[in-house]
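Each chain, letter by letter, is given below.
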Amino acid sequence: MGFNCGIVGLPNVGKSTLFNALTKTAAADAANYPFCTIEPNTGRVAVPDPRLDAIAGLANSAEVLPTFLEFVDIAGLVRGAASGEGLGNQFLANIREVDAIAHVLRCFEDTDITHVEETVDPVRDAATVETELMLADLDSLERRMTALTKKTRGGDKQAAADLALMEKIFACLSDNRPARACEGLDEAEQARLPQLQLLTSKPVLYVCNVGEAEAATGNALSQAVAEMAAAEGAAHVVVSAAIEAEIATLSDEDAAEFLSELGLTEAGLDRMIRAGYGLLDLLTFFTAGPKETRAWTVRRDARAPEAAGVIHTDFQRGFIRAETVAYADYIEHGGEAGAKDAGKLRIEGADYPVKDGDIFHFRFNV
């Protein structure tokens, strides 16, 4: 089960530099000119989670395996992308394939790095990208609504339901509001919305790229983004792409010392990864034993058989029960045996909703 987050933004805001640091590769060319990223680059990154090592230590595991999140570096967008300007058509096609959007905004001044709008204004830049996505969604909906209208005349009930939903979203977009902010949708329509693959229905994380000296505190530009994000109910993080690029070349020990000198307790990318993970409404469960301790990812509303299926489809198909220990109980009682002796090991059935930090042993029969 893969989950991915598309890194988007205007040209020269630091997207590819952040992507390179995320993946610790030079797969994306971070050159100082627009459209240096021609094809989307994809990289899997480990999700930082200190619980993993704590569990592995108690389980005496030979191997420790984190869970992963996928980031996609997508070509820079410019004003007019919805009409095909720049690499607009390719940008829009690529972003349609991701689960969430990490929108990188330039929050630093540097006369050596050009800005396509000539001045630095991250709130304006965010509005530029959002406008292009809304225009693309309006165009997509208009074409689909025409086709659905013909189907509804033939008595197609699903077509009628989809048409009603699209008309609501079209009105919302026409009022300059993204699909994710559309109000008045019932439960069935909310469930149906992701299937329409609208660009503005995807959750957004604003990534404020600041200068090195402002990585710990942010600045007036990143504060403006924070206020915008709060008003939208969106998330934001502050990072310095320059710092993250340097950290990516250092050993863990040297990176920790470098961060400490800057007044930082962790890399900005760790916060970005965790924020992306939360943006997708994901949670982590674990399996632990002498061979390995491993973190796994599921949607927050997943039930026990679905979690079992992440490990292997046979586990889900033949699911019998899940032996479960909460992370806090596992740590408090020194591992699985201690938790079991303390009565903290539970037997859960197919209706059990997975909780973040659960440590599972699945029983199945196929």
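These figures come from a predicted structure and were not determined experimentally.

So, on to the nonpolar core. Soluble globular proteins tend to pack their nonpolar side chains together in the buried interior. Of all hydrophobic cores here, the largest spans 51 residues; its most connected members are L22, L69, F71, I95, Y206, V207 and M272. With 6 residues, helix α10 (residues 268-279) is the largest single contributor of residues to this core. With residues up to four places along the chain from it excluded, the contact list for Y206 reads H103, L105, A126, R180, V225, M228, A229, E232, A234, A235, H236 and V237. Within the second largest apolar cluster, 18 residues are counted, among which are M134, L138, C172 and C182.

Before going further, it helps to spend a moment on the sheet that holds strand β7 (residues 235-239). Across the sheet, 6 strands lie side by side as β2-β4-β1-β5-β6-β7; this open sheet has mixed pairing. At either end of the open sheet lies a strand with only one pairing partner, and these are β2 (41-46) and β7. Looking at each pair of strands side by side, their axes are set apart by 25° on average, direction ignored. Of the pairings in the sheet, the one linking β2 to strand β4 (residues 68-73) comprises 6 bridges and is antiparallel in character. Bridge pairing in β4 places G43 opposite F71. Helix α4 (residues 122-153) rests against β5 (100-106) and β6 (204-209) of the sheet, and its axis sits at about 145° to β5. Helix-sheet contacts for helix α7 (residues 220-232) involve β5, β6 and β7, and the interaxial angle to β6 is about 170°.

Before going further, it helps to spend a moment on the environment of D162. Secondary-structure assignment places D162 in helix α5 (residues 157-174). The class of D162 is buried, set by a relative accessible area of 8%. Between the C-alpha atom of D162 and that of L148, which follows or precedes it by 14 residues, the distance is 7.8 Å. If near-sequence neighbours (up to four positions away) are discounted, D162 is found in contact with L148 and R192.

What follows deals with the pairing of strand β10 (residues 319-325). In terms of burial, β10 is a largely internal element, 5 of the 7 residues being buried. Alignment of β10 against strand β12 (residues 359-364), held across 6 bridges, turns out to be antiparallel. Note that in β12 the partner of E323 across the bridge is H361. Relative to strand β11 (residues 346-348), β10 runs antiparallel, the two sharing 3 bridges. Paired with T324 across the strands is R346, a residue of β11.

We now examine unusual backbone geometry. The phi angle at N12 is positive, at roughly 65°, despite the residue not being glycine. Relative to the helices and strands, N12 resides in the loop between β1 (4-8) and α1 (15-23). With relative accessibility at 12%, the residue N12 sits in the buried group. The backbone of Q197 shows a phi angle near 55°, a positive value even though the residue is not glycine. Relative to the helices and strands, Q197 resides in the loop between α6 (187-192) and β6.

Criteria and cut-off values
Residues numbered from 1 in each chain as written. Predicted model: local features only at pLDDT ≥ 70, side-chain atom pairs only at ≥ 80, totals over all residues. Heavy atoms only, no water. Core = buried A, V, L, I, M, F, W, Y, C linked by side-chain atoms within 4.5 Å. Buried < 20%, exposed > 50% of the residue type's maximum accessible area, 1.4 Å probe, protein only. Helix = DSSP H or I, 4+ residues; strand = E, 2+ residues; numbered from the N terminus. Contact = heavy atoms within 4.5 Å. Pairing = 2+ DSSP bridges. Axes fitted to C-alpha atoms, helices over the stretch in contact; angles between N-to-C directions.

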